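Observations on the three-dimensional arrangement
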Amino acid sequence: QVQMVESGGGMVQPGGSLRLSCVASSRNMFRVNSMGWYRQAPGKERELVAEITSFGRETYTDSVKGRFTISRDNAQSTVWLQMNSLKPEDTAVYYCNTYPRPLGWGQGTQVTVSS
């Protein structure tokens, strides 16, 4: 069973930055799949924030364009999400998973943006 382990969350003030990391347990699965960062805020459905293909093409939801950057290293089975200019509405639990068909979900990492 493939596992994703997310890390790097925390509490920051508005305007701050965080860098999230996610390591997948299967290198073979990771290198052939697009990977996405998803988030789920309290009382809301989980949403896709950013996605990167196995070749490195990036796509972002409108609310994070220009502030977030997704990247990946297939050799390390790792995907990152650099988040800058954070806003309170970015507060959520962030998850990584394959895209468009997610596998089992990990624990996620909590991001809280508050003054």
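Residues numbered from 1 in each chain as written. Predicted model: local features only at pLDDT ≥ 70, side-chain atom pairs only at ≥ 80, totals over all residues. Heavy atoms only, no water.

**Topic: the nonpolar core**
Ranked by internal contacts, the top residues of the largest apolar core, which has 28 residues, are Trp37, Val79, Leu81, Met83 and Tyr94. A per-element tally of this core places strand β3 (residues 18–24) first, with four residues. In contact with leucine 81, other than residues within four places in its own chain, are Leu18, Arg19, Leu20, Trp37, Ala50, Phe68, Thr69, Ile70 and Tyr94. (Core = buried A, V, L, I, M, F, W, Y, C linked by side-chain atoms within 4.5 Å. Buried < 20%, exposed > 50% of the residue type's maximum accessible area, 1.4 Å probe, protein only. Helix = DSSP H or I, 4+ residues; strand = E, 2+ residues; numbered from the N terminus. Contact = heavy atoms within 4.5 Å.)

**A closer look at the pattern of salt bridges**
Counted under the stated rule, the structure contains four salt bridges. Close ionic contact of glutamate 47 with arginine 39 constitutes a salt bridge, the shortest N to O distance being 2.7 Å. Residue classification places glutamate 47 among the partly exposed residues on the basis of a relative accessible area of 32%. With a shortest N-O distance of 3.0 Å, lysine 65 and aspartate 62 are connected by a salt bridge. (Salt bridge = Lys/Arg side-chain N within 4 Å of Asp/Glu carboxyl O.)

**Some thoughts on the state of the cysteines**
Within the structure shown, the criterion is met by one disulfide. Between cysteine 22 and cysteine 96 runs a disulfide, and the two sulfur atoms are separated by 1.6 Å. Of this pair, cysteine 22 sits in strand β3 while cysteine 96 sits in strand β9 (residues 92–99), and the two are 74 residues apart along the sequence. The pair formed by cysteine 22 and cysteine 96 is uniform in burial state, with each residue classed as buried. (Disulfide = S-S within 2.5 Å.)

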